[in-house]
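An overview of the molecular structure
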Amino acid sequence: MLRPYLNVKQNFGFGCMRLPMKGSEVDLEEFQKMVDYFMKNGFNYFDTARVYTEGKSELALRECLTKKYPRDSYVFANKLSSPLFSKEEDLEPLFNKQLESTGLTYFDFYLLHAVGKRNYSKYVSCKCFEFMKKLKEEGKIKHLCMSFHDTPEFLDEILTNHPEIEAVQIQFNYLDYDNPNVRSKECYEVCVKHNKPIIVMEPVKGGSLVNLSPKAQKIFSSLNGGSNASYALRYVSSFDNIFMILSGMSDMSQMQDNLSFMKDVRPLSSLEMHAVENVVNTIKHEKSIPCTKCRYCVDGCPMGINIPEIFSCYNSSIVYESWTAKAEYNKITEDSSKASDCIKCGQCEEACPQHIKIREYLSIIVSHFEN
Ligand code: SF4
Ligand code: SF4
């Protein structure tokens, strides 16, 4: 495990993808409070990427973390994202910009970002592995890692070809454990086979395991008062080989809730595990779109369709039976494209780490909201 080599205090990290926002800017006052609270409570792992909130996550971390705390008091993970370079020569300037934006001279963890079949050949042809090995030799990164969104077979192939990868970040939560589109269990097992510590992303599936439907909520509410997030995070904690669990907390109340049980985390009891199984079965029957609102699909859409927001309206309509969902749909598509504007080019599906059949869902949504 990596933990003995690092200054990691707890196996729970602050995922800085969905930060508190004021309009289109990060709410630095709220974020500062969250960073301070996190550090004060003995947690110190921060995860970001240059693509998060269009570069604003890196800048916010400079303002609220790296300017204020000694370098050896926190652990900083950043990523090399394939949309941000087109050739080998771009890598060094990109990395230097990341150091500058974060105010750092090195990253503790540097991950190839969202590796899958669609971008792996680019990472190889642009010599990203060689570049990261060089950074490690120069002390500019401490650990060469990867975040991964594809099949376990492909993960096995990459880890066999690249033993230099020290840890793997995978999507892992109770709903995706045996989800055939995500296959978290099998990806987990491949990491174990290769003896790689695991960093978990999306333990609450972009918030969808927190905002449950009334039917699923009823199951957890019949337990002893734990939050929905607590069941999701404690579920993940009960697996060995998990070095770090990242939670993308967006406000202070989420952070206070998360830290309250992650500080001294208890495994789920058999009663709670049974409730989780019931919630999984309930959600599977509800047929909501498993979108985590990561927005990776949005930039490449030639029609400018706000896919995650449209999916969110649809989920509100079918899962929560929200009577305002159609009005919300009309509002968000008033000045931008509708589901019916989709030209079925498929670019969004190539970018979607959840492997959602976006075009099919958009057609359903046309019938649901527009016809
Ligand atoms: S398939 Fe439709 S939604 Fe997806 S990128 Fe193309 S136009 Fe946009
Ligand atoms: S559809 Fe896929 S890529 Fe787009 S926001 Fe949802 S999960 Fe992310």
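Residues numbered from 1 in each chain as written. Chains lettered and ligands numbered in written order. Predicted model: local features only at pLDDT ≥ 70, side-chain atom pairs only at ≥ 80, totals over all residues. Heavy atoms only, no water.

With that settled, consider the domain arrangement of the protein. Assigned domains within the protein: domain 1 (3–284) and domain 2 (307–370). Taking only C-alpha atoms into account, the centre of domain 1 sits 27 Å from that of domain 2. Tallying the contact residues gives twelve residues for domain 1 and seven residues for domain 2. Counting the surface domain 1 buries against domain 2, the share from its top three residues, Arg118, His149 and Asn181, is 52%. Counting the contacts that link domain 1 with domain 2 gives zero salt bridges. Put simply, domain 1 and domain 2 have two residue pairs in polar contact (both at pLDDT 80 or more) between them. Across the side of domain 1 that touches domain 2, the residue classes tally to three nonpolar, five polar and four charged. (Domains from an automatic or database assignment. Contact = heavy atoms within 4.5 Å. Buried area = accessible area lost by both parts, 1.4 Å probe. Salt bridge = Lys/Arg side-chain N within 4 Å of Asp/Glu carboxyl O. Polar contact = N/O pair within 3.5 Å; in protein donor to acceptor, adjacent residues only side chain to side chain. Nonpolar A, V, L, I, M, F, W, Y, C, P; charged D, E, K, R; others polar.)

Turning to the site of ligand 1, a few remarks are in order. Surveying the vicinity of ligand 1 reveals 13 residues, the closest of which are Cys301, Cys342, Cys345, Gly346 and Cys348. Residue classes in the shell around ligand 1 are distributed as ten nonpolar, one polar and two charged. (Near = heavy atom within 4 Å.)

Buried residues dominate strand E6 (residues 107–115), accounting for nine of its nine residues. With four bridges joining them, strand E5 (residues 75–80) and E6 adopt parallel strand pairing. Each bridged residue has a counterpart across the sheet, and for lysine 79 the counterpart in E6 is leucine 111. As a crossover connection, the stretch from E5 through helix H3 (residues 91–102) into E6 is right-handed. As paired strands, E6 and strand E7 (residues 141–148) are joined by six bridges and run parallel to one another. Directly across from valine 115, in E7, lies its bridge partner phenylalanine 148. (Buried < 20%, exposed > 50% of the residue type's maximum accessible area, 1.4 Å probe, protein only. Helix = DSSP H or I, 4+ residues; strand = E, 2+ residues; numbered from the N terminus. Pairing = 2+ DSSP bridges. Right-handed = clockwise from strand over helix to strand, strands pointing away.)

It is worth spelling out the sheet that holds E7 at this point. Around the barrel, which closes on itself, the eight strands sit in the order E1-E4-E5-E6-E7-E8-E9-E10 with parallel pairing between neighbours. Here the average twist between neighbouring strands, direction ignored, is 30°. As paired elements, strand E4 (residues 45–47) and E5 share three bridges and run parallel to each other. Opposite tyrosine 45, over in E5, you have valine 75 as the bridge partner. (Axes fitted to C-alpha atoms, helices over the stretch in contact; angles between N-to-C directions.)

What follows covers the side chain of aspartate 47. As for its placement among the helices and strands, aspartate 47 is situated in strand E4. For aspartate 47, a relative accessible area of 2% translates into the label buried. A polar atom in the side chain of aspartate 47 sits 2.8 Å from the side chain of lysine 79. The contacts of aspartate 47, once residues within four sequence positions are left out, are Phe14, Gly15, Cys16, Tyr52, Ala77, Lys79, Gln169 and Leu246.

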